[in-house]
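Listed here are the chains, written in short residue letters.
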Amino acid sequence: MRSPDSSPSGTPRLPSLPGLPAPPPLGAAALPPGTYAGRVVLVTGGGTGLGKAIATEFARLGADLVIAGRRAEQLKSAREELAAVPGAGRVTAAVCDIRDPERVAAAFDAAGAAFGLPDVLVNNAAANFPCPAEDLSPNAWRAVVDITLTGTWFMTREFGRRHLAAGSAGSIVNIGASYAWTGGPGFAHSAAAKAGVKNLVETLAVEWGPYGIQINGLVPGLFPHADMTEDIRGGLERAAPDAKDHRQPALRVGAPRELGWAATFLASPYARFITGHTLVVDGANWQRRSLVNPEVLPVREQLGRGPFTLPPPAG
């Protein structure tokens, strides 16, 4: 059994390697105070996890926040937490299933009634779970694609149409995934959906740029947080129970506030000439390659599933 201080090849690790520096402390801001004062920011999936972390950084910069999600209780708790952030503007919540265009329109109506038309939309809501492609049922496929891609489109379309009608500028940030470029074994449903989300960024940046609407993508790397699903958390623990930081070129994982800082920059007045771009915030992990690739382990084995068998014929 190898020592935790040795690499997979058995060679000693170099404890002096610093990795990328730690970020500034929680509460620091990447932009001037009040950057978003008087501006309205709508964040889907803003009641938990990385969505709430992103919303926190907009709040810290003075934004009036609308957090949207499907669970009223989570939204209530997050609303109270975000309202207490130093520098925060007003905060409200809208229960919304982004798969339903009528509910999407109702959420924008509620945001407008509370604070006015959102200046910024962060499409963070998504669905995901690991599964071999051959095991994906039609319902499982639809569940992920309908939220991650179609829901993102419904939100984006509603935002764009309202700004086009009003003749006003706006900014959209779509939360993506690096396997939109590379493919995502074990996540065929999510990878396909996120590839569509990335393409929306590139398509709409050209279509809507003349009207003052910018749209960018933001890809998170490994940002552990309390709201991670058990299957995702379990996969990380199986992959690296004692040394997950050593599996990142940065030699550390990300702090959720770092993703929030990136989002606030992309939607800010300081990034107006950046559009159609997807920014990956993962310490270069998605670009990591080994000199010699590890042995191929099929996804079924990685997930601890037995051989695939077809179900018996109906009837």
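Asker: So what's going on with the sheet that holds strand β3 (residues 91-95)? Residues and values would help.
Answerer: A sheet is described by the order of its strands in space; here seven strands give the open sequence β3-β2-β1-β4-β5-β6-β7, paired in parallel fashion. Two strands lie at the open edges of the sheet, namely β3 and β7 (278-281), each paired on one side alone. The sheet shows a mean angle of 20 degrees between the axes of neighbouring strands, direction not considered. One ladder, built from six bridges, connects strand β5 (residues 170-175) with strand β6 (residues 213-220); its direction is parallel. By the bridge assignment for β6, I172 is matched with I215.

Asker: With reference to specific residues and values, describe the packing of helix α4 (residues 138-166) against helix α6 (residues 188-208).
Answerer: A pair of packed helices can be characterised by two numbers: the angle between their axes and the separation between those axes. α6 packs onto α4 with a crossing angle of 15 degrees between their chain directions and a minimal axis gap of 8 Å. In terms of their interaxial angle, α4 and α6 are classed as roughly parallel. Considering how the two elements wind past one another, α4 and α6 form a crossing that is right-handed. Residues A140, W141, V144, V145, T148, L149, T152, W153, T156, R157, G160 and L164 of α4 lie in contact with α6, whose contacting residues are A188, H189, S190, A192, A193, K194, G196, V197, L200, L204 and W208. Its residues assigned to classes, the contact of α4 with α6 shows 14 nonpolar, seven polar and two charged.

Asker: Explain the pattern of salt bridges to me, using residue names and the numbers behind them.
Answerer: Tallied over the full model, the rule gives 13 salt bridges. The salt bridge involving R60 is made with E57; its shortest N-O contact spans 3.2 Å. A residue pair is termed a helical-turn pair when its members lie 3 or 4 positions apart in one helix, as R60 and E57 do in helix α1 (residues 49-60) at three residues. One exposure class covers both R60 and E57, and it is buried. Overlapping salt bridges, with partners in common, bring together E134, D135, R300 and R305 in one network.

Calculation rules
Residues numbered from 1 in each chain as written. Predicted model: local features only at pLDDT ≥ 70, side-chain atom pairs only at ≥ 80, totals over all residues. Heavy atoms only, no water. Pairing = 2+ DSSP bridges. Helix = DSSP H or I, 4+ residues; strand = E, 2+ residues; numbered from the N terminus. Axes fitted to C-alpha atoms, helices over the stretch in contact; angles between N-to-C directions. Parallel < 35°, antiparallel > 145°, perpendicular 65-115°, else oblique. Left-handed = near helix turned anticlockwise from the far one by under 90°. Contact = heavy atoms within 4.5 Å. Nonpolar A, V, L, I, M, F, W, Y, C, P; charged D, E, K, R; others polar. Salt bridge = Lys/Arg side-chain N within 4 Å of Asp/Glu carboxyl O. Buried < 20%, exposed > 50% of the residue type's maximum accessible area, 1.4 Å probe, protein only.

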